[in-house]
Structures are given as C-alpha cells and as structure tokens.
Amino acid sequence: MARDDEYFRKRLLNVLCATWTAQACSVFALLGLADRIAAGTTGGAELAAAAGLDPVALRRLLAALADAGVLRQTGPDDFVLSGMGEYLRTDVPGSVRDTAVLYGQEVFASFAGLLDTVRTGRPAFTDRFGEPFYQYLGGHPELAATFNGAMSTAPEPPPPPARLFDDARTVVDLGGGDGGLLAGLLRARPELRGVLVELPEAAARGRARLAAAGVLDRVDIVVGSFFDRVPTHGDRYVLRRVLHNWNDGNVARVLARVRAAMPTGARLLVLEELLPAQPQQAGAGAGTWGAPRNRIVDLLMLVLMEGRDRTAAEYGRLLADAGFAVAGVTDGAIEAVPV
C-alpha cells in the first residue's frame, strides 16, 4: 500500500471511531467530573468515590480522554483538565458542557436511526422518541434546559449589517433564543425598542441576558410560539436561524403569520447560514459562519428535526409564496418586504 493510501486509511479510521470519543466526553460531562477536577479532586479513585462510580471503569474512561487530549495524566491515577477539558466545566465562559450532554444522549440516539431516515426521509428523532423534537422538548423540561444551554453557548454569528436597522424603532425578534441579537442592537442604538418572542425556558434566559446587558427596560418579552402569535407593532421583524428548523410547509406557516402581523412599512430580515448555490470544494471554509461549511450539521438537522439549510433562492421562493418580495441579500441576511 502506498504511503498516501495508508494516510487516508488512518484518517478514515479516526473518523469511524470519533463517536467513541464524543460519547466519552458526554459521559464525563454528564457526571460533572470536570467541575470536580477543577475543584481539586484529581485522583481517579477519589473521583470514583465522590461520584459513586466504579474506580476501574472510571480510570479507563479518564485514560481514554487523556489520549484524546481532553485531560492530562500527571500520575498513574491522577488527571487534570487540558485546555479543551476546561470547556466541559459548567462555570467557564463558553462552556460546551450542555452541548456534550445533548450530543451524547438524544442526538446520539437519533443518529443511530440514520439508516431509517435515509430510507424514509423521516427524522429519526421522531421515530425514536415518539414525537417531533420541539414537541418533545415541551414535555421534557430538563432536556429543554440542556438544549437551550447548548444553544446559548454556541458561537454567535456576526450581527446583521447595521444599515438594515437605520430607520427602525421596534425590532421584533421571533424565536430569538436568549436575546443575544437584541442585547447587541439595543446597546448600540439607545433609540430602539425590542420584542423577544420565545418559549418559556429560552424566554427566562433572555430576560436574564437582557437585564445583564442593561436593556431589559426597553424589551417586551412575549412568552409563546410564533406559530400562534406574532406582535403587530414592529417595523423590523427578525427570524435568525429559525426557518432552517422547519420543513417547507411549516416555514410557510411562520411566514404567513408574520406577513399577517406586519404593519405597513415594516420589513422582515431572514438571517440564515445560506447554502452555496453551486457545490464547493470539499472542506472549504468548514465550520465558519457565512462560508461554505461542513454539511454534517445539515445531516444533524435531517435526523433530529424536519428542517434543513437552504440556498438564498430557495428562501426567496418561500418568501414569494408568502407574499414577500426580496429586497436584498447580504452576508446571510435576506431583506424582504410585504407585497
């Protein structure tokens, strides 16, 4: 076998066993072991006793994570967090603890059903858990908290172009998560008011973040679903990373609800990570916002929920069907006006 062939074979084997490492990280995060190590309990036997775990099994888990670079082994039975492992703590900025737990539980179970999804086109999550993802979240508050925690610590996309808000007075952020977009806008523009429409768990996080940003007094928080209610007093309506969660039929429902609520002169901003119109070179720009990316995230959407990423042209057709005209597309921001 040629040297290049062996290189690619090894790369493929690393891809194939990546789920093992991900599951190890998830279990480590779920058990809260990063916090215990950060607090000074670094011996495997001590960790096992404190957490009620089998010491031999735990030592093997910790050793595997050390080989993966998540931990550093400093003695025969002593482990400390690496730079990566620090982010599995619950008390550090940018923590991915909730993401690790989410990916290792419901997401992992959903990917186990990928074969059926490819055969049928139905999200594996629905088949595995008996109801669609967001409906399931509503009945499982612990999972909802983990999901919202994971979303709130995900890297935020760059803000939309400032000019899109130049003559705005009230910005209605539909499904705006923890209020990050409104917090940034209102800090920069003291003349603006905001409305955050979110489900209860995310709305509570949004209230806390907006209060910390010092702008809560200029925000109305509407607790509920944008499928049921859209405020009617805005002049900018924002759907950021929302429509990609839904199939075309439900996107049409959301857009129709927004179109019916918008007063004269209002505009809609659809902020999405748009798929390129033409295939890109493999791996180009993977993992960066607004650039061609690794489409494994679209595969996640396939197994987890009904949605998918789309091109600007695909969103344009959905907007036109709902009574909008596209006024411009800039850096992932689609500006639409009612017609």
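Residues numbered from 1 in each chain as written. Predicted model: local features only at pLDDT ≥ 70, side-chain atom pairs only at ≥ 80, totals over all residues. Heavy atoms only, no water.

As annotated in an unreviewed UniProt entry, the protein is Hydroxyneurosporene-O-methyltransferase from Micromonospora matsumotoense.

This paragraph deals with the overall build of the protein. Secondary structure assignment for the protein yields 15 helices and nine strands. The globule rule puts the C-alpha radius of gyration for 339 residues at 20 Å, and the 22 Å found for the protein is close to it. Counting every position in the protein, which comprises 339 residues, the buried fraction comes to 43%. Pairs at least 24 residues apart make up 61% of the contacts formed inside the protein by residues separated by at least 6 positions. On the protein, roughly 17200 Å² of surface is accessible, and the fraction owed to carbon and sulfur atoms is 55%. Computed over 35 positive and 39 negative side-chain charges, the separation of the two mean positions in the protein equals 3 Å. (Helix = DSSP H or I, 4+ residues; strand = E, 2+ residues; numbered from the N terminus. Rg over C-alpha atoms; globule rule 2.2 N^0.38 Å. Buried < 20%, exposed > 50% of the residue type's maximum accessible area, 1.4 Å probe, protein only. Contact = heavy atoms within 4.5 Å. Areas by Shrake-Rupley, 256 points an atom, 1.4 Å probe, with all protein chains shown as cover. Lys, Arg positive; Asp, Glu negative; His and termini not counted. Charge placed at Lys NZ, Arg CZ, Asp CG, Glu CD.)

Here we take up a nonpolar patch on the surface. On the surface, a cluster of nonpolar side chains totalling about 390 Å² of accessible area is made up of Leu12, Leu13, Val15 and Leu16. Its place among the elements puts Leu13 in helix H1 (residues 3–16). A relative accessible area of 41% means that Leu13 is categorised as partly exposed. (Patch = residues over 30% accessible without salt bridge, like charges linked within 9 Å, V, L, I, M, F, W, Y side chains within 5 Å. Salt bridge = Lys/Arg side-chain N within 4 Å of Asp/Glu carboxyl O.)

One recurring pattern in soluble globular proteins is that nonpolar side chains are buried together. The biggest cluster of nonpolar side chains holds 29 residues, and the ones touching the most others in it are Leu174, Tyr237, Leu255 and Leu268. Those elements giving two or more residues to this core turn out to be strand S3 (170–174), strand S4 (193–198), strand S6 (236–240), helix H13 (248–261), strand S7 (267–271), helix H15 (312–321) and strand S9 (333–338). Take this core: its biggest share by element is five residues, from H13. (Core = buried A, V, L, I, M, F, W, Y, C linked by side-chain atoms within 4.5 Å.)

Take unusual backbone geometry next. Of note, Arg241 is a non-glycine position whose phi angle comes to about 50 degrees, a positive value. Note that Arg241 resides in the loop between S6 and H13. For Arg241, a relative accessible area of 18% gives the class buried.

Between helix H6 (residues 97–111) and helix H14 (residues 296–304), whose axes approach to 9 Å, the crossing angle comes to 85 degrees. Comparing the axis directions of H6 and H14 gives the class roughly perpendicular. Listed contacts from H14 to Val107, Ser110 and Phe111 of H6 are Leu299, Leu300, Val303 and Leu304. When grouped by side-chain class, the residues that make up the contact of H6 with H14 number six nonpolar, one polar and no charged. (Axes fitted to C-alpha atoms, helices over the stretch in contact; angles between N-to-C directions. Parallel < 35°, antiparallel > 145°, perpendicular 65-115°, else oblique. Nonpolar A, V, L, I, M, F, W, Y, C, P; charged D, E, K, R; others polar.)

Let us now look at the layout of surface pockets. Each pocket or cavity is described by its volume, and for the second largest pocket that value is around 190 Å³. Along its surface, the second largest pocket is lined by 13 residues, and Pro132, Phe133, Tyr134, Trp246 and Glu306 are the ones closest to its centre. Counting residues per element, the lining of the second largest pocket draws most heavily on helix H9 (residues 133–139), at three residues. Of the domains in this structure, domain 2 (105–153 + 279–307) and domain 3 (156–275 + 310–338) are the two that each give at least three residues to the lining of the second largest pocket. (1 Å grid on protein atoms, 1.4 Å probe; cavity = no way out; pocket = protein on both sides within 12 Å on 5 of 7 lines; lining within 4 Å. Points joined across faces, edges and corners; volume = space filled by probe spheres on them. Domains from an automatic or database assignment.)

Let's shift gears to the sheet that holds S9. If you walk across this open sheet you meet the seven strands as S5-S4-S3-S6-S7-S9-S8, and the pairing is mixed. Where the open sheet ends on each side, the last strands, each with one partner, are strand S5 (219–223) and strand S8 (324–330). Taking each pair of neighbouring strands and ignoring which way they run, the sheet shows an average axis angle of 20 degrees. Both S6 and S7 contribute to a ladder of five bridges, which runs parallel. Each bridged residue has a counterpart across the sheet, and for Arg240 the counterpart in S7 is Leu271. In the packing of helix H11 (residues 180–188) onto the sheet, the strands contacted are S3, S4, S5, S6 and S7, and the crossing angle to S4 comes to about 175 degrees. Against the sheet, helix H12 (residues 200–212) engages S4 and S5, with an angle of about 165 degrees to S5. (Pairing = 2+ DSSP bridges.)

Turning next to the pairing of S4. Judged by how many residues are buried, S4 sits mostly within the fold: five of six residues are covered. Here S3 pairs with S4 via five bridges, running parallel. The partner of Leu174 across the bridge, within S4, is Val197. Crossover S3 to S4 through H11 is right-handed. Pairing between S4 and S5: five bridges, direction parallel. If you follow Gly194 over to S5, its bridge partner there is Val219. As for the winding sense of the linkage, the β-α-β connection from S4 through H12 to S5 is right-handed. (Right-handed = clockwise from strand over helix to strand, strands pointing away.)

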